[in-house]
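Examination of the molecular architecture
The residues making up each chain are set out below.
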Amino acid sequence: MNREDLANLIFPDITKTIEDYEKEYPKRNLEEGAMVTRFAPSPTGFMHIGHMLAAVIDYCLAKKKNGVFYLRNEDTDQSREVEGAVEYIRSVLAHYDLNPDEYEYRDINEIKGNYGPYIQSERKEIYQAFIKHLILEGKAYPCFLTQEEMDSIRESQAKDKRRIGIYGRYAKYRNLPVEEAIKKIKNGEKYTIRLKSNGEFSRKFKFNDLANGEMEFPENDIDIPIMKSSNGLPTYHFAHLVDDHLMHTTHVVRGQEWISSIPVHYELFKTFNFKMPKYIHIPLILKKDGDHVRKISKRLDPEAKMSFYEEKGYPTYAVIEAIMTIANSNYEAWREGHPDAHFTEFEFSPKKMSSSGALFDLDKLNNISKNYLSHLTKEEVYKGVLAWSEKYDQEFANILKKYPDYSMQIYNIEREQKKPRKDYIYYSEIKSKTWYMYDEYFKDVTYNFLDYNMQDVKLILNTYIDQYYHEEDSQDEWFNRIKEMCDILGYASNMKDYKENSNNYKGSIVDVTNIIRIALTTFSNTPNLYDLMQILGKERVVERLQNV
RNA sequence: GGCCUAUUAGUCAAGGGGUUUAAGACGCCACUCUCUCAAGGUGGAAUCACGGGUUCGAAUCCCGUAUGGGCUACCA
């Protein structure tokens, strides 16, 4: 009995060879310098801000020169798979307009691209052909170590302060004669397939990562599992090798946590004599927790999940800008010079990327978002709030649809000017800043007139309605009338006078306008009163002032 | 423990031997403008982890130390 018998026993149905697959996945026909990138999440049902960083960079790179950005579903760990996860990822990518060129969406029965399947569990035979090849060549072997045995190996290694893993003398089945392996398999013993590592731990090799530059690692000498006993699917490392080779990925963008697997990937590619893709290991997004930092966590940090940004109603533009700022810190300066360019026009440089982790700064995002919203037209703001509300606040959406022009007037307050007003950060807060403009919400309101005397409040409001409110006034006329009223009622119309001789007055113009403001909106902080009154219109103004 | 890797203000960071009394952005503080708020304007506080070298000269190069982070699964 020989290795061929073993290989056929393990993979009786695998008849294609790796040469067959090489032919099925020919080199891509792309222009010089075009990059092929991939977004390869595992379908765990959420999308992390770190995933987003990778996706944005992938997209940016691929779009640079008519390359390809494809989506690959890494579902080799089926115990972690969550229903609907791929649809969710598709929706997030679509929301941010990062649609892949090649993909496979099972739920809507859509597949695009010639390098599929793009779902790993559908590529089982492909991986197995590659593994079979390795077994035939004596470069992989079945390992019959049980979970308990491995646990005790790890424990003893930890105790003796040795490196952990199945290597050297711990690789008990590495040199098991083929006959015995066959016998064990026929006996029904469980096994995993391990790589028969050729590496020497004491030997170092140099590796160039586009983000981190040159690094030195010891060779891998661990007989890593490449196929799981549980479902016959490959481990991440092996799938990475096969897929990125066959799909002709040119650039692998992934988190820093993968750097430590480079020795493994290096050996794997060398074993098949495949060309390695270029790697860009991107910084981990960290979070400050007390006085230490840690990897941002979907469980502890709401902002780790992309759903957070959608629920808050951050414009997608702002989120991408913030992410690009993390990707390359010179992005902001570039943006200043190219205010209208698409982010893919930016010359992203992996070298300029920070190689350690980065804290994600919500303040920064807020600032970007605020600036962005302030430069939209009123129509764009309306569209954005409406879209958000349709999803998260149907009641408000209905009101918006009922009063489109009125709503846009509200969004236009202090907007069409060189330095526009900046008071919205994200769409979800617009309602809380404008609800009082709608009669539907302005019902049964309670006023808080601070410590103003109600007699004075009523006097001011009544006097104002009776004598000083003229809807058709210009802003200057309007303001002059208020000043006039202040003088008559004993309030200072000039703040300097008031500051100098506050005892001579009952209060100041600030008190008067605030009282009107509160009566109209319940808030003492609002945008420009004159604008509000113009938009509310005479009927509402009079009604609200009288209702107090 | 082992392997990788990093360390410039609260955050993201520029700077790779002299042009740096260390950019810029966000945040913070103060003042100012002002009918409140949001903006705007002006100004301010705040950073080269530590110790040794190399050098006329070090944030920058070298060596240690400390600290942070990642990995060390039949998870990706």
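Residues numbered from 1 in each chain as written. Chains lettered and ligands numbered in written order. Predicted model: local features only at pLDDT ≥ 70, side-chain atom pairs only at ≥ 80, totals over all residues.

Let us now look at the overall build of chain A. Along its length, chain A carries 22 helices and 16 strands. Relative to a compact globule of 548 residues, whose C-alpha radius of gyration would be 24 Å, chain A shows 33 Å and is clearly more extended. Along the longest, intermediate and shortest principal axes, the C-alpha atoms of chain A span 110 × 50 × 45 Å. Per-residue burial for chain A yields a buried fraction of 34% across its 548 residues. Here the contacts in chain A between residues at least 6 apart in sequence split such that 72% fall between residues at least 24 apart. (Helix = DSSP H or I, 4+ residues; strand = E, 2+ residues; numbered from the N terminus. Rg over C-alpha atoms; globule rule 2.2 N^0.38 Å. Buried ≥ 20, exposed ≤ 12 C-beta atoms within 10 Å, placed from the backbone. Contact = placed C-beta atoms within 7 Å.)

Glancing now at the sheet that holds strand β5 (residues 140-143). Taken in spatial order, the 3 strands line up as β5-β6-β9 in an open sheet, and their pairing is antiparallel. On the outer flanks of this sheet lie β5 and β9 (225-227), each paired with one strand and no other. In this sheet, neighbouring strand axes are inclined to one another by 45 degrees on average, regardless of whether the strands run parallel or antiparallel. In this structure, strand β6 (residues 192-195) lies alongside β9, joined through 2 bridges in antiparallel fashion. For isoleucine 193, the partnering residue across the bridge sits in β9 and is methionine 227. (Pairing = 2+ DSSP bridges. Axes fitted to C-alpha atoms, helices over the stretch in contact; angles between N-to-C directions.)

Looking now at the domain arrangement of chain A. Domain assignment breaks chain A into domain 1 (35-114 + 284-373), domain 2 (124-282), domain 3 (375-424) and domain 4 (444-547). Domain 1 and domain 4 are separated by 49 Å when their C-alpha centres are compared. (Domains from an automatic or database assignment.)

On to the protein's contact with RNA strand B. Not every one of the 67 residues close to RNA strand B is listed here, only the nearest: Glu74, Lys228, Ser229, Glu257 and Ser354. Of the residues contributing to the surface near RNA strand B, the split by class is 20 nonpolar, 25 polar and 22 charged. (Near = placed C-beta within 6 Å. Nonpolar A, V, L, I, M, F, W, Y, C, P; charged D, E, K, R; others polar.)

Here we take up helix α15 (residues 394-402). For α15, every residue scored as buried is listed here: Phe396, Ile399 and Leu400. Considered in projection along α15, the buried side chains sweep an arc of 100 degrees and stay on one side of the axis. Facing away from the buried side of α15 by more than 90 degrees, the exposed set consists of Gln394, Glu395, Lys401 and Lys402. Its buried side turned inward, α15 meets α14 (378-392), α16 (404-411) and α17 (430-434). (Arc of directions from axis to C-beta.)

Turning our eyes to something else, we now look at the nonpolar core. Counting residues in each nonpolar core, the largest one holds 93 residues, and the members touching the most others are Leu53, Val56, Ile57, Ile323 and Ala327. If you tally residues by element for this core, the top one is helix α3 (residues 49-64), at 11 residues. With residues near it in sequence (within four places) discarded, isoleucine 57 still touches Val253, Ile280, Ile282, Ala327 and Phe348. Among the nonpolar cores identified, the runner-up in size contains 30 residues, and Tyr141, Leu145, Met227 and Val264 belong to it. (Core = buried A, V, L, I, M, F, W, Y, C linked by C-beta atoms within 7 Å.)

Looking now at the sheet that holds strand β14 (residues 358-359). Taken in spatial order, the 3 strands line up as β13-β12-β14 in an open sheet, and their pairing is mixed. The open sheet terminates on both sides in strands that have one partner only, identified here as β13 (292-295) and β14. In this structure, strand β12 (residues 285-289) lies alongside β13, joined through 4 bridges in antiparallel fashion. Pairing of leucine 286 across the sheet is with lysine 295, part of β13.

Below, the discussion takes up the environment of leucine 286. Its location among the elements puts leucine 286 in strand β12. Since 17 C-beta atoms lie within 10 Å of it, leucine 286 is described here as partly exposed. Separated by 206 residues in sequence, leucine 286 and arginine 80 place their C-alpha atoms 24 Å apart.

Moving on, we get to unusual backbone geometry. Residue glycine 116 is joined to proline 117 through a cis peptide bond whose omega torsion reads 0 degrees. One non-glycine residue, asparagine 66, adopts positive backbone phi at about 55 degrees. Summarising the element assignment, asparagine 66 is placed in the loop between α3 and β2 (68-71). On the basis of neighbour count, asparagine 66 is assigned to the exposed category, with 12 C-beta atoms found within 10 Å. Within the chain, lysine 161 stands out as a residue other than glycine whose phi angle is a positive 55 degrees.

We now examine the pairing of strand β11 (residues 278-282). Counted residue by residue, β11 has 4 buried out of 5 residues, so it is predominantly covered. For the handedness criterion, the β-α-β arrangement of strand β10 (residues 251-255), helix α9 (residues 262-272) and β11 is classed as right-handed. (Right-handed = clockwise from strand over helix to strand, strands pointing away.)

Let us now look at the confidence of the model for chain A. On average, residues of chain A carry a pLDDT of 91, and 100% of them reach 70 or more. At the level of chain-chain contacts, confidence expressed as ipTM amounts to 0.91, with global pTM at 0.92. (pLDDT = per-residue confidence, 0-100.)

With that settled, consider the pairing of β5. Where burial is concerned, the two faces of β5 agree: the one with Ala140 and Pro142 and the one with Tyr141 and Cys143 are both buried. Here β5 runs beside β6; their pairing, made up of 4 bridges, is antiparallel. When the sheet's bridge partners are listed, cysteine 143 is paired in β6 with threonine 192.

With that out of the way, let us pick up the environment of serine 524. Following the sequence through the fold, serine 524 ends up in the loop between α21 (509-521) and α22 (529-547). Along the backbone, serine 524 and leucine 450 are 74 residues apart, and their C-alpha atoms lie at a distance of 9.0 Å. Not counting residues within four places of it along the chain, the set of residues in contact with serine 524 comprises Leu450, Asn514, Arg517 and Ile518.

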